Number of protein chains: 2
Amino acid sequence: MRRVFVADTLIPGQSLVVDGQTGHHFARVLRLEVGETLVVSGANGPHAAVAVSVDGKAGTATLAIGDPTPRRDPKVRLLIVQAMAKGDKVDEVVQRTTELGVWAVWVVAMERTVGRLTADRARAKVIRWQRIAEEAASQSQRDVVPQVAYYRSAQDLQTPLARLTAHRVLLLDERETKRGIRQALNYSFSEDEQWAGPVVLVVGPEGGFSDAERAWWADTFLAQSVTLGGRILRTETAGLVAAAAVFCETGELGG
Amino acid sequence: MRRVFVADTLIPGQSLVVDGQTGHHFARVLRLEVGETLVVSGANGPHAAVAVSVDGKAGTATLAIGDPTPRRDPKVRLLIVQAMAKGDKVDEVVQRTTELGVWAVWVVAMERTVGRLTADRARAKVIRWQRIAEEAASQSQRDVVPQVAYYRSAQDLQTPLARLTAHRVLLLDERETKRGIRQALNYSFSEDEQWAGPVVLVVGPEGGFSDAERAWWADTFLAQSVTLGGRILRTETAGLVAAAAVFCETGELGG
């Protein structure tokens, strides 16, 4: 069943007219057909829906909204702060971690990042990543599309990150040999309610974090360095594996 | 530090002459230089080593073997049985799960597999996958290179799999909604010693398992279906995520 995302609050029994960019997407890109059933995920979660009219020329569609469908997203909000990397590595991180259920992916140029982006390139990349996230969210049956952002430096993300009042900020650091991710998470199954803030996983670039970066994260966000065990994971694998560990530990991989 | 793999049993203080394909690989592909230090992982685990002579023309190298270096592989042996898939998806599964620490990857054509291989193509693919596994094992500092194999059907892998006397065989099945992977694993930290047999994770093709396949795995290997939670993961993501969950649960991701 196709799953699409809208910003509206959905009311069962009412109809929803989508136009603008979203309407164009429904009518012309997805080629929605009259009578087709789908799941529409709005501001208040996923709902069953039927297409009652589609105007391909105008790029509009009208949907009859049905009952809510079960929510599928993890309760734990997970933010991946991913060092910018060369080639299509970040594309893959966005795709995979979205599938798995992360809440947001912030890409940041770190000291040893190879492949920094100009402002123009960054804008184009974020649009591309957001589209990849939307496709992955649809295919994996997510409730929301993760937010994707690009920051030119860690300093640039300081204010937005501080606003989130994170529950934990964990640096995946190959230098750390003692503190495992489970230990740092220190999750007990009774404390669900206390996790108002997200868990933040910071993934370094291929060359690793600099000492200045380690100190900045520790000083600014009380970040703890954690190990993922004896194997050295590449930057495009580490975030996904750490996210799987967090979801496993918090009962989000099927309990 | 470079890490290379040999079949020999290594003895500290002795020298090791490598020739044949391995010698060619050392001398001509890796372009090993005299005096270069490296880690050589042999039948008895990883050891420090220094290249004492290299003959590029002949394709031979002599290494002085030093002390053992710490083992890094997980205690739990994990076998991924991955449904054959189109394109380079299996390449990626081999690469990523090797990094993470799996013991073997067996690729099998399942009922709904798109992209079956002829015998010739299968031979070429296995060579390619084995090379990918070796590179990933080297870069992630593994002790061994996972074994990669291709089977034309599940029936073809019945005998070799039965020989392994697996500890658990778990089918990652999007139809399963109740039994989570942690629950099926039912791991307690005191039982390390009992895990003589590997844990087997069976990953279905894009179209999912057929009912006949579900029945065959349950009947033949007492396989349990498990869920990885509410999100639907693609075939090339599911094995890595499930492996991360198993390693997390068994304390292999840094405790």
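Residues numbered from 1 in each chain as written. Chains lettered and ligands numbered in written order. Predicted model: local features only at pLDDT ≥ 70, side-chain atom pairs only at ≥ 80, totals over all residues. Heavy atoms only, no water.

Student: Quick question: what am I supposed to make of the packing of helix α2 (residues 89–100) of chain B against helix α7 (residues 235–249) of chain B here?
Tutor: Any two packed helices are characterised by how steeply their axes cross, that is the angle between the axes, and by the distance between the axes. All names here are of chain B. Relative to each other, α2 and α7 sit at 10 degrees, their axes nearing to 9 Å. As the angle between them shows, α2 and α7 are arranged roughly parallel. Both α2 and α7 take part in a crossing whose hand is right-handed. On α7, the residues that touch Lys89, Glu92, Val93, Arg96, Thr97 and Leu100 of α2 are Glu236, Gly239, Leu240, Ala243, Ala244 and Phe247. Each residue belonging to the contact of α2 with α7 can be placed in one class, and the counts come to 6 nonpolar, 2 polar and 4 charged. (Axes fitted to C-alpha atoms, helices over the stretch in contact; angles between N-to-C directions. Helix = DSSP H or I, 4+ residues; strand = E, 2+ residues; numbered from the N terminus. Parallel < 35°, antiparallel > 145°, perpendicular 65-115°, else oblique. Left-handed = near helix turned anticlockwise from the far one by under 90°. Contact = heavy atoms within 4.5 Å. Nonpolar A, V, L, I, M, F, W, Y, C, P; charged D, E, K, R; others polar.)

Student: What am I meant to see in the domain arrangement of chain A here?
Tutor: Where interface size is quoted, it is often the accessible area lost as the parts come together. Residues and elements named next belong to chain A. As assigned here, chain A comprises domain 1 (3–68) and domain 2 (78–249). Put simply, the middle of domain 1 and the middle of domain 2, counted by C-alpha atoms, are 32 Å apart. Taken together, the contacts link 5 residues of domain 1 with 8 residues of domain 2. Interface of domain 1 and domain 2: buried area, both sides summed, is about 550 Å²; carbon and sulfur atoms make up 48% of it. Salt-bridge contacts for Arg3 lead to Asp143; the nearest nitrogen and oxygen are separated by 3.7 Å. Where domain 1 meets domain 2, there are 4 residue pairs in polar contact (both at pLDDT 80 or more). (Domains from an automatic or database assignment. Buried area = accessible area lost by both parts, 1.4 Å probe. Salt bridge = Lys/Arg side-chain N within 4 Å of Asp/Glu carboxyl O. Polar contact = N/O pair within 3.5 Å; in protein donor to acceptor, adjacent residues only side chain to side chain.)

Student: Whenever I open this one, α7 of chain B confuses me. Can you help?
Tutor: Given 3.6 residues to a turn, an α-helix orients residues that are three or four positions apart in the same direction. Residues and elements named next belong to chain B. Its 15 residues give α7 an end-to-end C-alpha distance of 22 Å, which sits within 8% of 21 Å, the value for a rise of 1.5 Å per residue. In terms of residue burial, α7 counts as a mostly covered element, since 15 of its 15 residues are buried. Positioned one or two residues after α7, Gly251 has a phi angle of 75 degrees, which is positive. (Expected span 1.5 Å × (residues − 1). Buried < 20%, exposed > 50% of the residue type's maximum accessible area, 1.4 Å probe, protein only.)

Student: Help me out: how do you make sense of the interface of chain A and chain B in this one?
Tutor: Counting from both sides, the interface comprises 40 residues of chain A and, opposite them, 40 residues of chain B. On the chain A side of the contact with chain B, Arg182, Arg231 and Arg234 of chain A bury the most area, a combined 22% of that side's loss. One can count 8 salt bridges joining chain A with chain B. The partner of Glu92 of chain B in a salt bridge is Arg96 of chain A, and the shortest N-O contact between them spans 2.3 Å. The tally of links from chain A across to chain B stands at 24 residue pairs in polar contact (both at pLDDT 80 or more). Counting residues per element, the ones that place at least two in the side of chain A that touches chain B are α2 (89–100), α5 (181–185) and α7 (235–249) of chain A.

Student: Looking at this structure, I do not really get the sheet that holds strand β7 (residues 104–108) of chain B. What am I missing?
Tutor: The strands that make up a sheet pair up through hydrogen bonds in the backbone, lying either parallel or antiparallel. All names here are of chain B. With parallel pairing, the 6 strands of this open sheet are ordered in space as β8-β7-β6-β10-β9-β11. Looking at the sheet topology across the chains shown, the edges are occupied by β8 (147–151) and β11 (224–226). The average undirected angle you get between the axes of adjacent strands in this sheet is 25 degrees. This element, helix α3 (residues 119–139), spans β7 and β8 of the sheet and lies at about 160 degrees to β8. α7 contacts β6 (78–83), β9 (168–172) and β10 (199–203) of the sheet and is inclined by roughly 155 degrees relative to β10. (Pairing = 2+ DSSP bridges.)

Student: Mind showing me how you'd approach the pattern of salt bridges here?
Tutor: Opposite charge on two side chains permits them to pair, given that their charged atoms come into close proximity. Throughout the structure, instances matching the rule amount to 34 salt bridges over all chains. Glu236 of chain A is the partner of Arg96 of chain B in a salt bridge, and the nearest nitrogen-oxygen pair spans 4.0 Å. One end of the pair, Arg96 of chain B, is in helix α2; the other, Glu236 of chain A, is in helix α7, on a second chain. Here the two residues Arg96 of chain B and Glu236 of chain A agree in accessibility, since each one is buried. The closest approach of N and O atoms between Asp173 of chain B and Arg214 of chain B, which form a salt bridge, is 2.6 Å. Placement of Asp173 of chain B in the loop between β9 and α5 (181–185) and of Arg214 of chain B in helix α6 (residues 211–221) is noted, with a sequence separation of 41 residues between them. Side by side, Asp173 of chain B and Arg214 of chain B carry an identical accessibility label, which is buried. Here the salt bridges share partners, and the residues they tie into one network are Glu92, Arg234 and Glu236 of chain A together with Arg96 and Glu99 of chain B.

Student: Would you explain unusual backbone geometry in this entry?
Tutor: Negative phi values dominate among residues other than glycine, just as trans dominates among peptide bonds. Of note, the phi angle at Arg31 of chain A is positive, near 50 degrees, even though the residue is not glycine. We note that Gln141 of chain B has phi near 70 degrees; this positive angle belongs to a residue other than glycine. By the element assignment, Gln141 of chain B lies in the loop between α3 and β8. According to the relative accessible area criterion, Gln141 of chain B is buried, its value standing at 15%.

Student: What is the right way to look at the pairing of strand β5 (residues 60–68) of chain A in this model?
Tutor: In summary, the side chains of a regular strand alternate between the two faces of the sheet. Residues and elements named next belong to chain A. Of the strand pairs in this sheet, strand β2 (residues 15–18) and β5 are connected by 4 bridges, and their pairing is antiparallel. Along β5, the bridge assignment pairs Leu16 with Leu63. The sheet contact formed by strand β4 (residues 45–55) and β5 spans 7 bridges and is antiparallel. Bridging across to β5, Ala51 finds its partner in Leu63. Adjacent in sequence and paired antiparallel, β4 and β5 are bridged by 4 residues, among which Gly59 carries a positive phi angle near 70 degrees.

Student: Hey, could you run me through the sheet that holds strand β5 (residues 60–68) of chain B in this one?
Tutor: Residue and element names in this part refer to chain B. Spatially, 5 strands are ordered β1-β3-β4-β5-β2 in an open sheet, and the strand pairing comes out mixed. The open sheet terminates on both sides in strands that have one partner only, identified here as β1 (3–5) and β2 (15–18). The mean inter-strand angle of the sheet, taken between neighbouring strand axes irrespective of direction, is 40 degrees.

Student: Can you walk me through the pairing of strand β8 (residues 147–151) of chain A in this structure?
Tutor: All names here are of chain A. Burial analysis of β8 places 4 of its 5 residues in the buried class, the great majority of the element. Examined bridge by bridge, strand β7 (residues 104–108) and β8 share 5 bridges and lie parallel to one another. Of the residues in β8, the one forming a bridge with Trp106 is Ala149. Viewed along the sheet, the connection from β7 through helix α3 (residues 119–139) into β8 turns out right-handed. (Right-handed = clockwise from strand over helix to strand, strands pointing away.)

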